[in-house]
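Inside the fold
One letter stands for each residue in the lines below.
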Amino acid sequence: MKILVINCGSSSLKFQLIDSDSEAVICKGLCERIGIDGSQIVYTPAGKDKITKVEPMPDHNKAIEMVIEALTNAENGVVKLEEIGAVGHRIVHGGEKFTKSVVINEEVIKAIEEVSDLAPLHNPANLIGIRACEKVMPGVPMVAVFDTAFHQTMPQEAYLYGLPYSYYEKYGIRRYGFHGTSHSYVSKRAAELLGKDIKDLKLIVCHLGNGASISAVKDGKCIDTSMGLTPLEGLIMGTRTGDIDPSVVEFIMKKEGSTVADVTNLLNKKSGVFGLSNDLSSDFRDLEDAYLKGDEGAKRAVDAFTYRVAKYIGSYTAAMGGVDAICFTAGVGENSGFTRGLICERLSFLGATVDAEANKVRGEEKTISGADSKVTLMVVPTNEELAIARDTFELCK
Ligand code: ADP
């Protein structure tokens with residue numbers, strides 16, 4: 001079956017067409033600037049050159065139409081419309097309602113709407129993507145795959161904040177966690193690579209991209225993760241603060257006469273390694289170059305980042321009563337041997353050692369721990385689209 005995977009943002013739409021038998025990507029691409037001047041679709045059919053078409057996309061319906069046109073046109077299309085057997089949608093927030101992927105029907109759409117106040121930027125965009133696909137591909141089954149679902153196994157002691165319990169009961173204020181599709185995929189793949197049953201493993205997955213989160217996976221179940229009610233909590237990220245004292249918000253508002261919205265924007269968009277490096281960059285390639293040239297801001301930012309990752313690894317080791325393997329994934333985790341090396345240097349308390357040669361790996365599955373290491377360190381590239389396609393196939397085959 002050919003599965004179309006859709007990841008719909010407020011002004012962008014990423015897609016991949018995946019063959020469920022071979023798991024090969026037949027075509028992948030991105031619609032950018034939907035509803036804004038200068039919208040375009042950029043896509044690459046497998047084995048062919050990248051194609052860019054600049055055309056106004058006033059809304060997501062038009063974007064989906066352009067995706068379908070790109071996939072099916074006579075000149076360089078890769079599939080007939082009727083061959084697309086199912087669509088898998090990445091949905092950011094499933095609240096407590098969704099603990100696994102589900103076939104989309106009106107009831108599911110309503111439930112996604114109901115938890116939209118937990119992800120006001122993302123869930124409405126995801127829903128627009130669902131409606132647009134319904135219009136353009138009526139009758140084709142669709143599946144919702146939630147970023148939060150994998151983390152629903154967290155015990156109450158891990159997901160509750162120290163707030164009055166009534167705030168959880170009334171408003172659902174708790175830790176949900178994100179990047180769940182990635183944490184699930186990487187932990188399963190790590191168990192396969194280790195040749196062990198996931199039910200016998202204690203794993204820590206470090207998803208280090210522009211957004212970054214870390215999770216503790218014990219016996220195949222997530223027991224803790226670093227992101228919370230929103231993706232702002234936890235690690236220091238590209239431009240997000242991660243954990244801070246909530247009183248900082250009021251303090252900055254008083255000092256600068258700013259609003260809650262101003263400070264929320266500051267915490268999400270201007271902080272993290274970007275802010276710590278004095279606005280040098282949020283991209284670890286730039287920070288690594290600058291660090292190696294002795295730039296103090298880059299060093300400050302990267303040191304704070306790697307310290308926080310190592311601190312979480314320590315706390316998750318405590319939470320699981322040990323750790324068998326630590327997995328690095330996403331843009332930084334897969335590609336930056338430099339950053340991985342700095343994190344692993346901080347893990348000597350676990351008896352972890354790194355094989356410097358193996359740690360040069362980029363974007364490939366590889367064990368990077370030394371022969372004498374007490375814990376396995378590994379790079380496991382994530383593949384959220386494939387994970388979405390697999391779930392979609394399982395529910396629609
Ligand atoms: P997201 O999906 O959250 O946008 P990604 O997982 O794609 O993030 O990661 C993007 C980040 O990966 C970039 O901002 C950059 O910092 C980092 N990155 C990509 N390639 C490299 C590399 N070769 N070395 C260091 N960092 C890299």
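Preceding this section is the structure that the text describes.
These remarks concern the structure in this document.

Some details on the pattern of salt bridges
- The tally for this structure, following the rule as stated, stands at 19 salt bridges.
- In this structure, Lys110 and Glu114 form a salt bridge, with 3.7 Å as the shortest nitrogen-oxygen distance. Of this pair, Lys110 and Glu114 both sit in helix α2 (residues 106–114), separated by four residues, roughly a single helical turn.
- Using a relative accessible area of 43% as the deciding quantity, one classes Glu114 as partly exposed.
- Lys254 is the partner of Glu250 in a salt bridge, and the nearest nitrogen-oxygen pair spans 3.0 Å. Taken as a pair, Glu250 and Lys254 lie in helix α7 (residues 247–256) at a separation of four residues, close to a single helical turn.

Overview of the site of the ligand
- The environment of the ligand is formed by Gly209, Asn210, Gly211, Asp283, Phe284, Arg285, Ala330, Gly331, Val332, Asn335, Ser336 and Arg362.
- In this structure, an oxygen atom belonging to the ligand sits 3.3 Å away from a side-chain N or O atom of Asp283.
- Between Val332 and the ligand, the recorded distance is 3.5 Å, taken from a backbone N or O atom to an oxygen atom.
- In the complex, the protein chains occlude 70% of the 580 Å² of accessible area that the ligand would expose alone.
- For the shell around the ligand, the secondary structure elements donating two or more residues are α10 (284–292) and α12 (330–335).
- The element contributing the most residues to the shell around the ligand is α12, with four residues.
- Here the shell around the ligand is built from residues that sort into three nonpolar, six polar and three charged.

What about the sheet that holds strand β4 (residues 40–45)?
- Pairing is mixed across the open sheet formed by eight strands, whose spatial order is β5-β4-β3-β2-β1-β6-β8-β7. The sheet terminates laterally at β5 (51–54) and β7 (102–103), the two strands that pair on one side only.
- Where strand β2 (residues 13–19) meets strand β3 (residues 25–32), six bridges bridge the pair, whose relative direction is antiparallel. Its bridge partner being in β3, Phe15 is matched across the sheet by Gly29.
- In this fold helix α1 (residues 60–72) packs onto β1 (2–8), β2, β3, β4, β5 and β6 (84–91), with an angle of close to 35° to the strand it touches most, β2.
- Strands in contact with helix α14 (residues 384–396) are β1, β2, β6, β7 and β8 (142–146); relative to β6, the strand with the most contacts, it is inclined by about 125°.

Rules used throughout
- Residue numbers here run from 1 along each chain, matching the order of that chain's written sequence.
- Whole-chain, interface and lining totals are the exception, using all residues; otherwise, since this is a predicted model, local features are given only for residues with pLDDT of at least 70 and side-chain atom pairs are given and counted only at 80 or more.
- By convention in this description, side-chain values take in all heavy atoms of the structure and omit both hydrogens and water.
- The salt bridge definition used is simple: a Lys or Arg side-chain nitrogen within 4 Å of an Asp or Glu carboxyl oxygen.
- Helix numbering and strand numbering both begin at the N terminus, where a helix is a DSSP run of H or I of at least 4 residues and a strand a DSSP run of E of at least 2.
- For each residue, the accessible area found with a 1.4 Å probe, counting protein chains only, is set against the maximum for its type, and the residue is called buried under 20%, exposed over 50%, and partly exposed in between.
- Put simply, a residue is near a molecule or strand once any heavy atom of it comes within 4 Å of that molecule or strand.
- Pairs of N or O atoms are called polar contacts if they sit within 3.5 Å, as long as, within protein, a hydrogen donor faces a hydrogen acceptor (for residues adjacent in sequence, only side-chain-to-side-chain pairs).
- Every accessible area reported is derived by Shrake-Rupley at a probe size of 1.4 Å, with residue values counting cover from the shown protein chains alone.
- Here the nonpolar group is Ala, Val, Leu, Ile, Met, Phe, Trp, Tyr, Cys and Pro; Asp, Glu, Lys and Arg are the charged ones; every other residue, Gly included, is treated as polar.
- DSSP-based pairing: two strands are paired if at least 2 bridges between them are found.
- Should any heavy atoms of two residues lie within 4.5 Å, those residues are counted as being in contact.
- As a rule, the C-alpha atoms of each element are fitted with a line to give its axis, helices using only the stretch in contact, and angles between N-to-C directions run from 0 to 180 degrees.

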